[in-house]
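So the chains spell out like this:
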Amino acid sequence: MNIQQIDLFLTSMKLVQPFRTHQETVTDRESILIKITDDLGYTGWGEVVAFSSPWYTEETIETAWHMLTEFFIPTIIQGEWTSPREVNEALIPWKRNQMAKAGLEMAVWDLFAKRAGVSLAAYIGGVRKRVKAGVVVSMDTPEVMLSTIGSRLAEGYERIKVKIDPANDYEMLQLIRDTYPDIALLADANSAYTLEDLEKLKQLDSLKLLMMEQPLAADDIVEHAELQKHLSTSVCLDESIVSLQDARNAVKLGSCKVMSIKIGRVGGLANAIDIHDLCAEHDIPVWCGGMLETGISRAFHIALASLPSFTIPGDISASNRYWERDVIKPEVVVENGEVMVPEGPGIGYEVDEEFVESISKRKASIHSKATT
Ligand code: MG
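Presented here is a report on the structure given in the accompanying data block. Computed from a prediction, not measured in an experiment: that's the story for all the values here.

Here we take up the sheet that holds strand E11 (residues 286–288). Hydrogen bonding along the main chain pairs the strands of a sheet, whether they run parallel or antiparallel. Read across the sheet, 7 strands follow the order E5-E6-E7-E8-E9-E10-E11 without closing on themselves; strand pairing throughout is parallel. Bordering the open sheet on either side are strand E5 (134–137) and E11, each of which pairs with just one other strand. Neighbour to neighbour, the strand axes of the sheet diverge by 30° on average, direction disregarded. Relative to strand E8 (residues 211–213), strand E7 (residues 184–188) is paired through 3 bridges, and the arrangement is parallel. Looking at E8, one finds that Ala 187 is bridged to Met 212.

Under the definition given, this model contains 28 salt bridges. Two residues, Lys 361 and Glu 30, come together in a salt bridge whose shortest N-O distance is 2.3 Å. Here Glu 30 lies in strand E2 (residues 25–38) and Lys 361 lies in strand E15 (residues 360–367), a separation of 331 residues in the sequence. On the basis of relative accessibility, which here comes to 54%, the residue Lys 361 falls in the exposed class. Of the charged contacts in the structure, one is a salt bridge between Glu 155 and Arg 152, with a shortest N-O distance of 3.1 Å. Classification of Arg 152 as buried rests on a relative accessible area of 8%.

Conventions used here
- Residues numbered from 1 in each chain as written.
- Predicted model: local features only at pLDDT ≥ 70, side-chain atom pairs only at ≥ 80, totals over all residues.
- Heavy atoms only, no water.
- Pairing = 2+ DSSP bridges.
- Helix = DSSP H or I, 4+ residues; strand = E, 2+ residues; numbered from the N terminus.
- Axes fitted to C-alpha atoms, helices over the stretch in contact; angles between N-to-C directions.
- Salt bridge = Lys/Arg side-chain N within 4 Å of Asp/Glu carboxyl O.
- Buried < 20%, exposed > 50% of the residue type's maximum accessible area, 1.4 Å probe, protein only.

Rendered as C-alpha cells:
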C-alpha cells in the first residue's frame, strides 16, 4: 500500500453536557481527525484523542499536531506498506506521543481492512457480533448523579462508572449503592489518591465495586501493587498503561486485577491487541475505556471490544450521550444494553466529511512526493 495523501482536521465539538473530573471540566472537545488516501483511492480514518490541556496524559492537541506534521507523517508518507503493524514499527524510534501515533496508525488499519474488504473487527480477529455498553456519569451533586444513573440504567446501560476523589468518595458511592444495590458500579479516581490514603481506600471495599480505576499516580506501578495487596476490590489501571511494557510490568508486579485498554493511550491498535493478548495469557479481564471521543475512535473501540478477553462492558456509549451530531453515519446506538459490531468494510461507519469540514478550525493536507 502506498499513501497518496494525508489530511488533518483539527475539529471542535460541544459536548451535550460538560464533563467534570477532579482535574478538568471538558465543555468543547477538540480532536484531530486524520484521513489517509492510498494509491487505489481507498480512504482510512483515525482520531487523535489527546485533550486540549495535559490533564489526562502529557499530550495535547497542539503537541500532537506538531508531532504528526513534523515527524510521524514524514516518516510514513513515502513508504510502501504491507501491514498496519509495519507502520506501527516505523514510528517506534520516535519516543512516546502515543495518542498522536495512534491517530495515524488507526487510519492505516481502517485502510487495510477496507482494502481486504472486511470489517475491522474481522480483520483483527474479533469474535463478538455485539459488545456490551457502559457509561460514565460526570461528577455532580448527589441528586443529579442519582437521577442521571437512573436514566442511563433505563436506557439499558449495564455498567455505570463515576469519578471519585478524596472529597467525593465513600458517602457518594454509598448513596448510589443504597439506591441501586445490584448495579455494576465502577469508581475512577484519575490518580486522586496516594498510599497515605490506604485506610480511606480500604473503606470502599464494603461497597462491592466492580473495580477501582487508577487510584494512584500514573507512574506508581509499584505502589499500585502494594495497594492491591490490601484491597479486596480489584484495582484497574488506566493512565499507568501506555505501552505493552507497562502492561508486562503491572502483570509481573500484581499491580492490578483488571486493565482498561484505550487505543489512543497505548499508541495504537497493534499495541492494544498485544496488551489484550498478554492479559488473556494471565487471565486478566480487560475492557475498553472511553476518551469523550467522536464516532471514529468509538468505532475502533467497538471493533477492539469484539476480541475475546473484553469481558467487562466498556465506556462504549451511544453517540447521542456526547454529541448533538456525531461525525459518523449511522451514529452509534445502544439497544438492550449492547452495540452492534458493524460488518461493513473497515470501521463500518461512513465519515460525514462535509460535517467534519464544517467543524474544522484548522486543516492540513500532506501529499506523497511520488504524486506531486
Ligand atoms: Mg480512567
